[in-house]
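One-letter residues, chain by chain:
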Amino acid sequence: MNQPITGYHKDEENDWVARLRCGHFQHVRHYPPFINRPWVTTEAGRISMIGHQLKCKKCDLAEPRDFSLE
Ligand SMILES: [Zn+2]
């Protein structure tokens, strides 16, 4: 299921994690050449991707929310 990005935070390993509207977290790593998300490395890039839809596997698996929706 596709869900839009509503925000970000960093995890304990300093990797960026997107917050999705469904209440799930999803890592948005940039590890070239395997995972290429250069936009995540800059604040402007991250802001530009707010509202962009990511495929949420947690929704497909009906996993419980990672955070409560306000
Ligand atoms: Zn989800």
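Notes on the structure follow. Not measured: the values here are computed from a predicted model.

A look at the pairing of strand 2 (residues 16–20)
Remember that side chains alternate between the two faces of the sheet whenever the strand is regular.
At step 1: In this sheet, strand 2 lies alongside strand 1 (residues 2–10) in antiparallel orientation, the contact comprising five bridges. Directly across from Tyr-8, in strand 2, lies its bridge partner Ala-18.
At step 2: In terms of strand pairing, strand 2 meets strand 3 (residues 25–27) through three bridges, oriented antiparallel. Across the sheet, Val-17 pairs through a bridge with His-27, a residue of strand 3.
At step 3: Between strand 2 and strand 3, which pair antiparallel and follow one another directly, the connecting turn spans four residues, one of which, Gly-23, has a positive phi of 100 degrees.

Concerning the packing of aromatic side chains
Centre-to-centre distance and the angle between the planes together describe a pair of aromatic rings.
At step 1: One pass over the full model with this rule turns up three aromatic pairs.
At step 2: Ring geometry for Phe-25 versus Phe-67: centroids 4.9 Å apart, planes at 15 degrees, classification stacked. Of the two residues, Phe-25 sits in strand 3 while Phe-67 sits in the segment after helix 2 (57–60), which places them 42 residues apart along the sequence.
At step 3: Among the residues examined, Phe-25 registers a relative accessible area of 22% and is labelled partly exposed.
At step 4: Taking relative accessible area as the criterion, Phe-67 reaches 14% and is therefore assigned buried.

Let's talk about the sheet that holds strand 1
At step 1: Spatial strand order, 3-2-1-4: four strands in an open sheet with antiparallel pairing. Here the strands that pair on one side only, and so sit at the sheet edges, are strand 3 and strand 4 (53–55). Taking each pair of neighbouring strands and ignoring which way they run, the sheet shows an average axis angle of 55 degrees.

Regarding a nonpolar patch on the surface
At step 1: A surface patch of nonpolar side chains, amounting to about 350 Å² of accessible area, comprises Tyr-31, Phe-34 and Ile-35.
At step 2: Given a relative accessible area of 31%, Ile-35 falls into the partly exposed group.

Let's talk about unusual backbone geometry
At step 1: Note that the residue after Pro-32, namely Pro-33, is joined by a cis bond; omega there is 0 degrees.
At step 2: One can find Pro-33 in the loop between strand 3 and helix 1 (43–48).
At step 3: Even without being a glycine, Asn-14 presents a positive backbone phi close to 70 degrees.
At step 4: When you line up the elements, Asn-14 lands in the loop between strand 1 and strand 2.
At step 5: Even without glycine at this site, Ala-62 takes up a positive phi of about 55 degrees.
At step 6: Topologically, Ala-62 is positioned in the segment after helix 2.

Rules behind the numbers
Residues numbered from 1 in each chain as written. Predicted model: local features only at pLDDT ≥ 70, side-chain atom pairs only at ≥ 80, totals over all residues. Heavy atoms only, no water. Pairing = 2+ DSSP bridges. Helix = DSSP H or I, 4+ residues; strand = E, 2+ residues; numbered from the N terminus. Phe/Tyr/Trp six-rings, centres within 6.5 Å; stacked < 30°, edge-to-face > 60°. Buried < 20%, exposed > 50% of the residue type's maximum accessible area, 1.4 Å probe, protein only. Axes fitted to C-alpha atoms, helices over the stretch in contact; angles between N-to-C directions. Patch = residues over 30% accessible without salt bridge, like charges linked within 9 Å, V, L, I, M, F, W, Y side chains within 5 Å. Areas by Shrake-Rupley, 256 points an atom, 1.4 Å probe, with all protein chains shown as cover. Salt bridge = Lys/Arg side-chain N within 4 Å of Asp/Glu carboxyl O.

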